[in-house]
Amino acid sequence: MDFMIREMKPNEYGELENFLYEAIYIPEGAAKPARKILQRPELQIYVENFGARASDTCFVAEADKKLVGECWTRIMNDYGHIDNETPSLALSVLENFRRKGIATALLEKIFIKLAEKNFKRVSLSVQKENLAAVELYRKLNFEVVEERGEEFLMIKNLEGKNFA
């Protein structure tokens, strides 16, 4: 499958909410929550006024002129918060486009951009039972730094890395 990775355009920031909804981990057999869940403050911080902060970075995957994946970061007090110098990462790929290398390609591009912006590391929170995501992050050298109930808090060091 052909896809391209590029930086998100400001006129596409409205798509972040759709991908935030897709990023919500749903255990097998569980029902998806209503979309109104996105209005919760702990989720709005991922998308509200995106592009206004220096840490706001987003790459998209495009296939057949359609956005099929997004990976974005910002410094925020979210589930993956480490400190006020480390951006938290969110990643979402539409279900029909998963396991095709899109997530890895998005992550590799965002690592390069964050290193160019002189960020030393990036953090994220992932559900422990989301085995595919945990495996992907470990493959890309994220390390578990804390267990928080049902989630892992993970970081990836960006210092001294050559991602190109």
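Positions within a chain are numbered from 1, following the residues in the order the chain's sequence is written. Residue-level local features of this predicted model are given only where pLDDT is at least 70; pairs of side-chain atoms are given and counted only at 80 or more, and the full residue set underlies all totals for whole chains, interfaces and linings. Water and hydrogen atoms play no part in the side-chain values, which are based on all heavy atoms of the structure.

(A) Representation of the packing of aromatic side chains. Pairing of aromatic rings covers Phe, Tyr and the six-membered ring of Trp, with a centre-to-centre limit of 6.5 Å; geometry is then stacked below 30 degrees between planes, edge-to-face above 60, and tilted otherwise. A full pass over the atoms with the stated rule returns three aromatic pairs. A centroid spacing of 5.2 Å and a plane angle of 80° characterise the contact between Tyr13 and Phe50, whose relative ring orientation is edge-to-face. Here Tyr13 is found in the loop between strand S1 (4–7) and helix H1 (16–23), whereas its partner Phe50 is found in the loop between helix H2 (41–44) and strand S2 (57–63), with 37 residues between them in sequence. Relative to Phe142, the ring of Tyr137 has its centre 5.3 Å away and its plane inclined at 65°; by these criteria the two rings are edge-to-face. A run of DSSP states H or I qualifies as a helix once it reaches four residues; a run of E qualifies as a strand once it reaches two. Both are numbered from the N-terminal end.

(B) Up close: unusual backbone geometry. Even without being glycine, Lys65 reaches a positive phi, approximately 60°. Here Lys65 lies in the loop between S2 and strand S3 (66–74). Accessibility here uses a 1.4 Å probe with only protein chains present; expressed as a share of the type maximum, an area under 20% marks a residue as buried, one over 50% as exposed, and anything in between as partly exposed. What makes Lys65 exposed here is its relative accessible area of 82%. The backbone of Asn141 sits at a positive phi, close to 70°, despite the residue not being glycine.

(C) The pairing of strand S6 (residues 143–148), seen in detail. Two elements, S6 and strand S7 (residues 151–157), share five bridges in a ladder whose sense is antiparallel. Across the sheet, the residue bridging to Glu143 is Ile155, located in S7. Hairpin geometry of S6 and S7 is characterised by an intervening segment of two residues between the two adjacent antiparallel strands and by a positive phi of about 60° at Gly149. Any two strands between which DSSP finds at least two bridges are classified as paired.

(D) View of the pairing of S2. Of all seven residues in S2, seven are buried; the element is thus mostly enclosed. Of the two faces of S2, the one lined by Thr57, Phe59, Ala61 and Ala63 and the one lined by Cys58, Val60 and Glu62 are each fully buried. As judged from the four bridges shared by S1 and S2, these two strands associate in the antiparallel manner. If you follow Arg6 over to S2, its bridge partner there is Val60. Of the strand pairs in this sheet, S2 and S3 are connected by seven bridges, and their pairing is antiparallel. Looking across to S3, one finds that Cys58 is bridged to Trp72. Turn length for the S2-S3 hairpin, with the two strands adjacent in sequence and antiparallel, is two residues, and the turn residue Asp64 shows positive phi of about 50°.

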